Amino acid sequence: MRDRRMESTFSTEHLPIQVRLPEGVRCVIALSYDTDTAGGYAPDGVCHGRTPPFLHEYMLRLCDTAEQYSVTLHFFQIGNGLEEPRVVEYLKEILRRGHIIDSHTYSHLALTTDDVTRLDDELVLTNELFKERLGWQSTVLRGPGGYARGLDGLKANQEVILNNGFQWVSGRYSHRLYGQDQQFAIEASKREPVYAYPTGLIEIPVQGYTDRTWFDGIKCIDPQTYGAWRVAHGHQPVPDGWCCPWTAPDALDEWIGYNLSAADFAYENRLLWIPVWHPYSHYLHDPDNRMLPALLQHCAAKPERVLVCTVRDAAQMLLP
Ligand SMILES: [Zn+2]
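About the thresholds
- Residues numbered from 1 in each chain as written.
- Predicted model: local features only at pLDDT ≥ 70, side-chain atom pairs only at ≥ 80, totals over all residues.
- Heavy atoms only, no water.
- Helix = DSSP H or I, 4+ residues; strand = E, 2+ residues; numbered from the N terminus.
- Expected span 1.5 Å × (residues − 1).
- Buried < 20%, exposed > 50% of the residue type's maximum accessible area, 1.4 Å probe, protein only.
- Contact = heavy atoms within 4.5 Å.
- Pairing = 2+ DSSP bridges.
- Axes fitted to C-alpha atoms, helices over the stretch in contact; angles between N-to-C directions.
- Phe/Tyr/Trp six-rings, centres within 6.5 Å; stacked < 30°, edge-to-face > 60°.
- Lys NZ or Arg CZ within 6 Å of the ring centre and 35° of its normal.
- Polar contact = N/O pair within 3.5 Å; in protein donor to acceptor, adjacent residues only side chain to side chain.
- Donors = N, O, S within 2.8 Å, 3.2 Å for Na, K, Ca; no water.

S.K.: What is the right way to read helix α2 (residues 85-96) from this model?
M.R.: Each full turn of the α-helix corresponds to 3.6 residues, which orients residues three or four apart in the same direction. A rise of 1.5 Å per residue sets the reference length of α2, with its twelve residues, at 16 Å; its end C-alpha atoms lie 16 Å apart and thus fit the reference within 8%. Turning to α2, its buried residues number three or more, namely Val87, Val88, Tyr90, Leu91, Ile94 and Leu95. The inward-facing, buried residues of α2 abut α1 (53-68), β5 (74-77), β6 (100-103) and α3 (116-134). Gly98, located one to two residues past α2, shows a positive phi value of around 95 degrees.

Spelled out as C-alpha cells, the structure:
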C-alpha cells in the first residue's frame, strides 16, 4: 500500500514515553525476529507464515545460541502459518523452551490499511489461532512492512489494535535511513523514541537497519541475479556451502560490525535499542549463524550489564 502521509521526526500528536532501565542495567537491546517466509524471497512475491522446515531448523539454532547466554528470543509469527500442524509443532517447541511468540497479523497485512474491518478480522482470527493451536495470547503486535510515520493520524486503526488486546505495537520504521551513512543508522536508538498515540496505544519503533534492508538492499550488488534467484529458487532450501551471489562479499562481516557499533552506541548513551531481524535473511546470508553469538558475546563482555531481551520485556520498562 502506498503511504501518502509525510514522514516527520516527531509529530505533535505523540505523547512522550519514558524508558526506565532495570536497576544495574546500562542499556537494553530488545531483539526480535519476524519469522516470515518472506515475499522478498518468494517466486510469486507473497509473504506468508507457513514456514518450511529449513527455517525451523535455523530458528532452533538461534534458540540454542540464545540459551547459551540465558537470553529469551522473541519471534513475530504470521497467523496463517498456524493452520499447518508442522508449523504449530515447532512453535510449541519454541514456547516450551521459554522463548516468546507474538502476532504479525494473519496475512502480513499493513496496519496502515484503509480496510479497517479487514484489519480487525485478521487480528481476531490470529488471536484465535494463537489461543487454539498454541494455548498462547499475543500481547505485542508487529506491523508488517514498516511505516515511516507509524500509525500517526490513523485513529481507527489504533483503536482496532487496542480492542484486540494489544497495548503495544511495533511498526514504525524510518525511511530516512536510505541515502544516509552508517552512523545515522547506528544512532537510531537515540533519534527514534518510543511514544504513545493519543488513543494510548504505544509505538515501539524498529530502529536502524534490518537484515533485509542491509543484505538485499544496501549491500545488494547484483539485483538481476537476486531477481532471477527469487523466481527459480525462492522458498526452497539452499545447498550446503551455498554463497549468496547478489550480496557484496564483505556484507556479513560489515553487518556484524554495524550491529556491534549500534550496541556500543546504546551502551554509551544508556538507551533502549530495538533491532529487528529475520531468520530467513540470516539463513541465506549468515548460514553459519555468526551474527547472534557475536552480539551476545559482545554484550556479555561489557563491564556494565547489557540486557538483551524481548520486546515484551522492553514494553514493561515504558512509563507514560
Ligand atoms: Zn513481516
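And the narrative resumes.
S.K.: For this particular structure, what's the right way to read the sheet that holds strand β13 (residues 305-309)?
M.R.: Sheet strands line up and pair through hydrogen bonds in the backbone, either parallel or antiparallel. Strand order in the open sheet formed by three strands is β11-β3-β13, and the pairing between neighbours is parallel. Here the strands that pair on one side only, and so sit at the sheet edges, are β11 (272-273) and β13. Pairing between strand β3 (residues 25-30) and β11: two bridges, direction parallel. Following the sheet pairing, Val28 is matched in β11 by Leu272. Set on the sheet, helix α9 (residues 251-269) makes contact with β3, β11 and β13; between it and β3 the angle comes to about 140 degrees.

S.K.: Help me understand the environment of Glu203 in this model?
M.R.: Here Glu203 shows up in strand β10 (residues 202-203). In sequence terms Glu203 and Ala315 are 112 residues apart; their C-alpha atoms lie 9.7 Å from each other. Those residues within four positions of Glu203 in sequence are excluded, and the remaining contacts are Gly150, Leu151, Val169, Ser170, Gly171, Arg172, Val194, Tyr195 and Tyr197.

S.K.: Just to check I follow, could you spell out the packing of aromatic side chains for this structure?
M.R.: Working definition: an aromatic ring pair is given by the centre-to-centre distance plus the angle between the planes. Scanning the model with the defined rule gives 20 aromatic pairs in all. With 5.7 Å between their ring centres and 75 degrees between their planes, Phe54 and Tyr280 make a pair best called edge-to-face. Taken as a pair, Phe54 in helix α1 and Tyr280 in helix α10 (residues 279-285) lie far apart in primary sequence, 226 residues in all. In this structure, Phe54 and Tyr280 share a single accessibility class: buried. Counting every residue linked through ring pairs, the aromatic cluster contains Tyr41, Phe54, Tyr58, Tyr226, Trp229, Trp242, Trp246, Tyr280 and Tyr283. In this structure, Arg26 packs its charged tip against the face of Tyr267, placed 4.9 Å from the ring centre. A cation over an aromatic ring shows up here: Arg212 above the ring of Tyr41, its NZ or CZ 4.8 Å from the ring centre.

S.K.: Just checking my understanding: could you explain the side chain of Thr247 for this structure?
M.R.: Tracing the sequence through the fold places Thr247 in the loop between α8 (223-233) and α9. Of the residues examined, Thr247 reaches a relative accessible area of 8% and is grouped as buried. Here the side chain of Thr247 touches Phe215 through a polar contact of 3.0 Å, landing on its backbone oxygen. Of the polar contacts made by the side chain of Thr247, one reaches the side chain of Trp246; its length is 3.4 Å. Apart from residues no more than four positions distant in its own chain, Thr247 is found in contact with Phe215, Lys219, Cys220, Ile221 and His285.

S.K.: Help me understand the coordination of the zinc ion in this model?
M.R.: Perfect tetrahedral coordination of a metal by four donors corresponds to 109.5 degrees between them, and perfect octahedral coordination by six donors corresponds to 90 or 180 degrees. Distances from the zinc ion to its protein donors, Asp36 (OD), His104 (NE2) and His108 (NE2), fall within 1.9 to 2.1 Å. Within one chain, the residues serving as donors to the zinc ion are arranged as D-x67-H-x3-H. For His104, a relative accessible area of 0% puts it in the buried group. On the basis of relative accessible area, His108 is assigned to the partly exposed category, the value being 23%.

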